[in-house]
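# Inside the fold
The chain contents come next:
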Amino acid sequence: MLPKILKDFALFGDGNNYQGQIPELTLPELSRRMVEYEGGGMDGPIEVDHGNELQEFEWTAGGMITEIFDSYGSPIHDAAMLRFTGSYESDETGDTVPVEIVMRGRHKTISLGDASKGDNNQISVTTTLSYFKLTVDGEDVIERDVPGYIFIVRGTDRLAERRRALGL
């Protein structure tokens, strides 16, 4: 069986369509912050889950997109809203699977890169995320809202009991 391959993608920023202007991007990594623990009567350590690591989204704009600067330096943690849409396709069946990732956060770095006459001068952006939602073929797979204390995996709210215990 062949994998479904990303055949094309689009990126939208704060409602702006960047079609044809984003040559590459690195989708955010899902990573947990694990701390080693070993107590008396244990034959070795285990890792205790202490929540998600900080997520970053790295993307490159071909040429100058001035709207990128609109939310730069904002004091608001989710001032920048980005939406990735991808079209993954099977070369066995021809089926297309839509993928959407909605991200909110702040632009941490904007590198204006090298500039030379006539070249495709690129801008590299790193956006730290406070919100992340992955939807595959219409199914919400992961939703992570850091300040909202929400972490949902395939319909299971993994922080619901903690919120309830805290009276939130």
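Summary of the structure given here. Nothing here was measured: the structure is a model prediction, and the numbers come from that model.

Calculation notes
Residues numbered from 1 in each chain as written. Predicted model: local features only at pLDDT ≥ 70, side-chain atom pairs only at ≥ 80, totals over all residues. Heavy atoms only, no water. Helix = DSSP H or I, 4+ residues; strand = E, 2+ residues; numbered from the N terminus. Rg over C-alpha atoms; globule rule 2.2 N^0.38 Å. Buried < 20%, exposed > 50% of the residue type's maximum accessible area, 1.4 Å probe, protein only. Contact = heavy atoms within 4.5 Å. Areas by Shrake-Rupley, 256 points an atom, 1.4 Å probe, with all protein chains shown as cover. Lys, Arg positive; Asp, Glu negative; His and termini not counted. Charge placed at Lys NZ, Arg CZ, Asp CG, Glu CD. Salt bridge = Lys/Arg side-chain N within 4 Å of Asp/Glu carboxyl O. Polar contact = N/O pair within 3.5 Å; in protein donor to acceptor, adjacent residues only side chain to side chain. Core = buried A, V, L, I, M, F, W, Y, C linked by side-chain atoms within 4.5 Å.

## Topic: the overall build of the protein chain
For the protein chain, the helix and strand inventory stands at one helix and twelve strands. Going from N to C terminus, the protein chain has its helices and strands arranged as β-β-β-β-β-β-β-β-β-β-β-β-α. Compactness check: the protein chain gives a C-alpha radius of gyration of 19 Å against a globular reference of 15 Å for 168 residues, more than 25% above the reference. The dimensions of the protein chain, computed from C-alpha atoms along their principal axes, are 70 × 45 × 35 Å. Taking all 168 residues of the protein chain together, 32% fall into the buried category. For the protein chain, contacts bridging at least 24 residues in sequence account for 56% of all contacts bridging at least 6. Summed over all atoms, the accessible surface of the protein chain reaches about 10500 Å², with 49% contributed by carbon and sulfur. Within the protein chain, one finds 16 positive and 29 negative side-chain charges whose respective centroids are separated by 5 Å.

## Quick look at the pattern of salt bridges
Two side chains carrying opposite charge are able to pair once their charged atoms lie near each other. Within this structure, the stated rule accounts for ten salt bridges. The salt bridge involving Lys7 is made with Glu89; its shortest N-O contact spans 3.7 Å. Taken together, the positions of Lys7 in strand E1 (residues 4-13) and Glu89 in strand E7 (residues 80-90) put the pair 82 residues apart, joining distant regions of the chain. Of the residues examined, Lys7 reaches a relative accessible area of 41% and is grouped as partly exposed. By relative accessible area, Glu89 is classed as partly exposed at 26%. With a closest N to O distance of 2.4 Å, Asp157 and Arg163 form a salt bridge. For Arg163, a relative accessible area of 17% gives the class buried. Within the structure, one salt-bridge network assembled from shared partners comprises Lys7, Glu89 and Asp91.

## Structural notes on the side chain of His107
If you trace the backbone, His107 turns up in strand E8 (residues 96-111). For His107, a relative accessible area of 7% gives the class buried. Among the polar contacts made by the side chain of His107, one reaches the side chain of Thr127 at a distance of 2.9 Å.

## With respect to the nonpolar core
As a rule of thumb, nonpolar side chains are buried together in soluble globular proteins. Counting residues in each nonpolar core, the largest one holds 25 residues, and the members touching the most others are Leu11, Ile22, Phe57, Trp59, Ile68 and Met103. Counting only elements with at least two residues in this core, the list comes to strand E6 (55-62), E7, E8, strand E9 (122-136), strand E10 (139-145) and strand E11 (150-153). For this core, the leading source of residues is E9, giving five residues. Not counting residues up to four positions away in its chain, the partners in contact with Ile22 are Phe9, Leu11, Trp59, Thr60, Ala61 and Ile65.

## Considerations on the side chain of Asp145
Tracing the backbone shows Asp145 in strand E10. Despite its burial, Asp145 pairs with no opposite charge, the nearest such side chain being Arg104 at 4.8 Å. Within the structure, the side chain of Asp145 is placed 3.1 Å from the backbone nitrogen of Gly148, a separation counted as a polar contact. Ignoring sequence-local partners within four residues, the contact set of Asp145 consists of Ser130, Tyr131 and Ile150.

## Notes on the environment of Ser31
Along the polypeptide, Ser31 turns up in the loop between strand E3 (24-26) and strand E4 (32-37). The partly exposed category is assigned to Ser31, whose relative accessible area is 24%. Along the chain, Ser31 and Asp43 lie twelve residues apart, while their C-alpha atoms are 26 Å from each other. The residues touching Ser31, leaving out its near neighbours within four places in the chain, are Asn52 and Glu53.

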